[in-house]
Structure formats: C-alpha cells, structure tokens
Amino acid sequence: MAESFAVDRRAETEARIRRFLDREKPQTPCLVIDLQTVRERYEDITTALPLVDVFYAVKSNPAPEVVELLAAQGSSFDVASPAEIDLCLARGAKPETISYSNPIKKAADVAYAYSRGVRLFVSDSEQDVRTVAAHAPGSSVLLRILVHSKGSTYPFGRKFGCDPEMAADLLRLAHELGLDPCGVAFHAGSQQLDVHAWDGGIADAAVIAAKLRADGIEISTVNLGGGLPAVYQEATPSLTEFAQGIEGSLRRHFGDARPRVMIEPGRAISAEAGMIRSEVVLVSRKSYSDERRWVYIDIGRYQGLAETEGEAIAYALRTSRDGGPVGPVVLAGPTCDADDVIYQHTRYDLPLELEAGDHVDILHAGAYTASYSSVCFNGFPPLATYCI
Ligand SMILES: *Cc1c(COP(=O)(O)O)cnc(C)c1O
C-alpha cells in the first residue's frame, strides 16, 4: 500500500468521525469507532498475508459492532475469557473460529468454552495442559513459548510462555492425554516495530516441530500472536514489509513443510479506526515563572488512556483551537490520583488560547482504550463508545 494512500485514508477516517461528532455532539469523553476503517484494516492484513489465518484479538476493542463486522468478513477470534467467547458467538462467530489464547484459565472456564464448542486452546504449563485434557477432551492445544520481544513498545516480559524445551515436552504430554498437539504459539510484543521480530519464535517452533517429528508427532500450526503495529506519531514499517519478514522466516525455518499459520492482530485492526473526543476541564500554571501550563482533560489513565502509562504510547492530539500560537504543556486526567498524569516527559505543545470547554481529540485511539477503562474509579464512568 502506498504511504500517501494510507495517509489519505487516515484523513478520511478522521473526517467521517468529525462529521459524526459535529452532528451528534455526544457527551465527552467518548470514543468513536469508524467501522469502515476496521474493515479496511482487516482487509489490508489478509491481503498482505494471504496464507495466514487472522484471529482478531478481541481485547483490543470488544465493541459488539466491531466483532460482528469482523465475523461477517470471515475473521477468526483470539479470546481470553468466557465473556469474550459469548460476545463472539452472539455476534455471529462460529465456535471453530475461536482460539482461547489465554494460558491462564480456570478449569470452569475451560469447561464452559468446551460446552460452547471451542476446541482450540493455548497453554504454557503442565497444569493447564492437564486442565484442558480433563475439561475439553480431544481439543487442539498450542504451547506458548517465551520469546525475546526487542523492538516492541510493549514487551510481554515473562508472564506468558515457557522454555521451548518444556513446550516440546508439554506437546508430548498433550498427545499422551488424548489432545491434538497442534503446535506452537508466541507473542513478539505489542506495537512491534521490527519486521524481523517474529524470526526467533518461528525458528524455535521449527526446532520443536523437528524434535516431535522424530517421536512420530506431527504438529500442524504456528500461532504468531499479535504485535503488528498501529500508526501513532512515529513512522512504522508497512504491512508489506512485515509480511516479507514473516514469510521469509517461515521459508527459512520450515522450507517446504510450511505449517498452518495464525496471526492475532489487535491494535493493527482497531487503533486507527478510533478517535477519542475529550474536553478541557482546566488550564493552569504552578507558578508565575512556569512556562509549562497544565492542561487537565476529562479523560485520563482510568477512563481509557491506560497505555499512556510510562508514556509508552504517545497519541497524536488535535484541539478545537489548532492554528494559533502554541506552548508546552503537561497533560493530565481529571481524577484525584497523582498517577493520573498523561504526558509530562513527552513534549506536547498545545494552543495558548486553549481553555475550559475546548475539545482535545486523541487520534488512532481505537485499541486498548475503552476496553481498559475502569468501571467507575472516582465516580468517572467508563468510556462510552459509538460505532459509525
Ligand atoms: C493482546 C494479545 C494479542 C494482540 O496484540 P496486539 O499487539 O494488539 O496485536 C494477540 N495475542 C495474544 C495472545 C494477546 O494476548
């Protein structure tokens, strides 16, 4: 996809959302999701990776309209809980298109998933493999391995996955317990900017496949997890470059024995479809000599801007006063929590004229915003979502 074409499409997304906001004037803060962009992003990924099965990571944006649209487009789904399974099934997904990709699950939740027809699970421990064997007999299981997630804005640390050697043993165990030892899963870290980041996981998966083949066990699948990036302010490689990186690694490590390949994009589908409209609550200075103003808006860390923790994601901002002279600001949320400061290290310059009641729009904010907003911390309601 030519970059100018992508830029045009982003401007069109923004224009459609602005038309809705100007017409409906919903209460702020709110998130508006442009469904046409969700569809386009899904199509971009299936076009760039035609041989790969796309499982949308529901947690990035679980708006029912988004799930319904993707189910109708033929997407599969990566879920982490019974509620996400119910959501997908209620919105038209078939149980065989659902992967229960969370390695941390209660026996009751595995049994529930099985009762609803889910037959694909991701594990990373002996206990969980045994739980799946007991409560979802005969199902397929992918073993998640630990990989290094250099190049990721949001590395996954060591919470998920096990050593490849242990994964091979657990696939053998799955086989002994009557499960389908389906393959290997990993996650190269979210907002991954290195197009070769999947290479290590694919290499490990190929080693595991060869080891098991020697024991007469054929694994069929590699699950590449999430990580495809969204555009915030920094430039990201194109989907074509990611596809070349991934396909190159598959050829290098698997040769002609290409497995079934799954990918679980979350933010790459939902982020650019969304814009948050917020309102300025207060503009102030902490001293007469302080150049930086503090701008408090009606959304913060707990109503949906969780990914600004550590200022990891620096969203692009637009205000209703853009065009005039600007000066540096600290941007903060509305709650009485000292951590509810959005940006104080990242440089943001906002219009000097900005005042209470003006709008601050947060661009490409469709992923990990509404789904992270708290139920009612400090009396602020969760982020409202409108799909257009
Ligand atoms: C969160 C998650 C994803 C989606 O990650 P993105 O970086 O948003 O693409 C995919 N797979 C698993 C297992 C996840 O936990």
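Criteria and cut-off values
Residues numbered from 1 in each chain as written. Predicted model: local features only at pLDDT ≥ 70, side-chain atom pairs only at ≥ 80, totals over all residues. Heavy atoms only, no water. Helix = DSSP H or I, 4+ residues; strand = E, 2+ residues; numbered from the N terminus. Rg over C-alpha atoms; globule rule 2.2 N^0.38 Å. Buried < 20%, exposed > 50% of the residue type's maximum accessible area, 1.4 Å probe, protein only. Contact = heavy atoms within 4.5 Å. Areas by Shrake-Rupley, 256 points an atom, 1.4 Å probe, with all protein chains shown as cover. Lys, Arg positive; Asp, Glu negative; His and termini not counted. Charge placed at Lys NZ, Arg CZ, Asp CG, Glu CD. Pairing = 2+ DSSP bridges. Domains from an automatic or database assignment. Buried area = accessible area lost by both parts, 1.4 Å probe. Salt bridge = Lys/Arg side-chain N within 4 Å of Asp/Glu carboxyl O. Polar contact = N/O pair within 3.5 Å; in protein donor to acceptor, adjacent residues only side chain to side chain. Nonpolar A, V, L, I, M, F, W, Y, C, P; charged D, E, K, R; others polar. Axes fitted to C-alpha atoms, helices over the stretch in contact; angles between N-to-C directions. Parallel < 35°, antiparallel > 145°, perpendicular 65-115°, else oblique. Left-handed = near helix turned anticlockwise from the far one by under 90°. Expected span 1.5 Å × (residues − 1). Near = heavy atom within 4 Å. UniProt positions renumbered as here; feature names shortened; annotations may be inferred.

Enquirer: Requested: an account of the overall build of the protein, with residues and values cited.
Expert: Along the backbone of the protein there are 10 helices and 18 strands. A compact globule built from 388 residues should have a C-alpha radius of gyration of about 21 Å, and the protein, at 22 Å, falls within 12% of that. In the protein, which comprises 388 residues, the share counted as buried stands at 55%. A sequence separation of at least 24 residues applies to 71% of the contacts in the protein between residues at least 6 apart. Roughly 16,500 Å² of accessible area belongs to the protein as shown, and the carbon and sulfur atoms make up 52% of that amount. Counting 38 positive and 53 negative side-chain charges, the protein places the centres of these two groups 1 Å from one another.

Enquirer: Provide a residue-level description of the pairing of strand β12 (residues 274–284), including the pertinent values.
Expert: Along any regular strand the residues' side chains alternate between the sheet's two faces. Summarising the sheet, strand β1 (residues 30–33) and β12 pair through 4 bridges and their orientation is antiparallel. The partner of L31 across the bridge, within β12, is I276. For β12 and strand β17 (residues 359–362), the ladder comprises 4 bridges, and the chain directions are antiparallel. Residue pairing in the sheet places I276 in a bridge with I362 of β17. Alignment of β12 against strand β13 (residues 293–297), held across 4 bridges, turns out to be antiparallel. Considered in β13, the bridge of L282 is made with Y296.

Enquirer: Which residues make up the domain arrangement of the protein, and what are the values?
Expert: Domain parsing of the protein yields domain 1 (62–265) and domain 2 (271–387). Computed over C-alpha atoms only, the centres of domain 1 and domain 2 are separated by 34 Å. Tallying the contact residues gives 11 residues for domain 1 and 15 residues for domain 2. Surface buried jointly by domain 1 and domain 2 totals about 1,100 Å² across both partners, of which 64% is contributed by carbon and sulfur atoms. If you sort the residues of domain 1 by the area they bury against domain 2, Y154, Y232 and Q233 come out on top, with a joint share of 56%. Inspection of the region where domain 1 meets domain 2 yields 0 salt bridges. Put simply, domain 1 and domain 2 have 5 residue pairs in polar contact (both at pLDDT 80 or more) between them. Elements represented by at least two residues in the side of domain 1 that touches domain 2 include exactly α3 (64–73) and β7 (152–154). Residue composition of the side of domain 1 that touches domain 2, grouped by class: 7 nonpolar, 3 polar and 1 charged.

Enquirer: Outline the side chain of N102, supporting the account with residue identities and numerical values.
Expert: Its place among the elements puts N102 in the loop between β4 (98–100) and α5 (107–115). Here the side chain of N102 touches A80 through a polar contact of 3.3 Å, landing on its backbone oxygen.

Enquirer: Tell me about the packing of helix α7 (residues 164–176) against helix α8 (residues 199–214), and please be specific about residues and values.
Expert: Relative to each other, α7 and α8 sit at 40°, their axes nearing to 10 Å. In terms of orientation, α7 lies oblique with respect to α8. Between α7 and α8 the crossing geometry is right-handed. On α8, the residues that touch P164, E165, A167, A168, L171 and R172 of α7 are D204, I208, K211 and L212. Classifying every residue of the contact of α7 with α8 gives 6 nonpolar, no polar and 4 charged.

Enquirer: Any details on α7? Residues and values, ideally.
Expert: In this model α7 runs 18 Å from its N-terminal to its C-terminal C-alpha over 13 residues, within 8% of the 18 Å that 1.5 Å per residue would give. Residues of α7 that are buried: A167, A168, L170, L171, L173 and A174. Immediately downstream of α7, the backbone of G178 shows phi near 85°, a positive value.

Enquirer: For the site of the ligand, give the residues involved together with the corresponding values.
Expert: Looking at the ligand, there are 13 residues lining it, with K59, S190, E264, G266 and Y368 nearest. A distance of 2.8 Å is found between an oxygen atom of the ligand and a side-chain nitrogen or oxygen belonging to K59. G266 has a polar backbone atom sitting 2.9 Å from an oxygen atom of the ligand. When the ligand sits alone it has 390 Å² of accessible area, and the protein chains cover 93% of it. Broken down by class, the residue content of the shell around the ligand amounts to 3 nonpolar, 5 polar and 5 charged.

Enquirer: Any chance you could break down the pattern of salt bridges for me, citing the residues and the numbers?
Expert: Tallying each qualifying case throughout the model produces 25 salt bridges. The salt bridge involving D349 is made with R347; its shortest N-O contact spans 3.0 Å. Given a relative accessible area of 61%, R347 falls into the exposed group. Ionic contacts of the salt-bridge type, sharing partners, join the residues E14, R18, R277, R318 and D361 into one network.

Enquirer: Go over the UniProt feature "active site" (unreviewed entry) in the protein, please, and point to the residues and values.
Expert: Here the UniProt-annotated "active site" (unreviewed entry) positions come out as C336. One can find C336 in the loop between β15 (326–332) and β16 (341–351).

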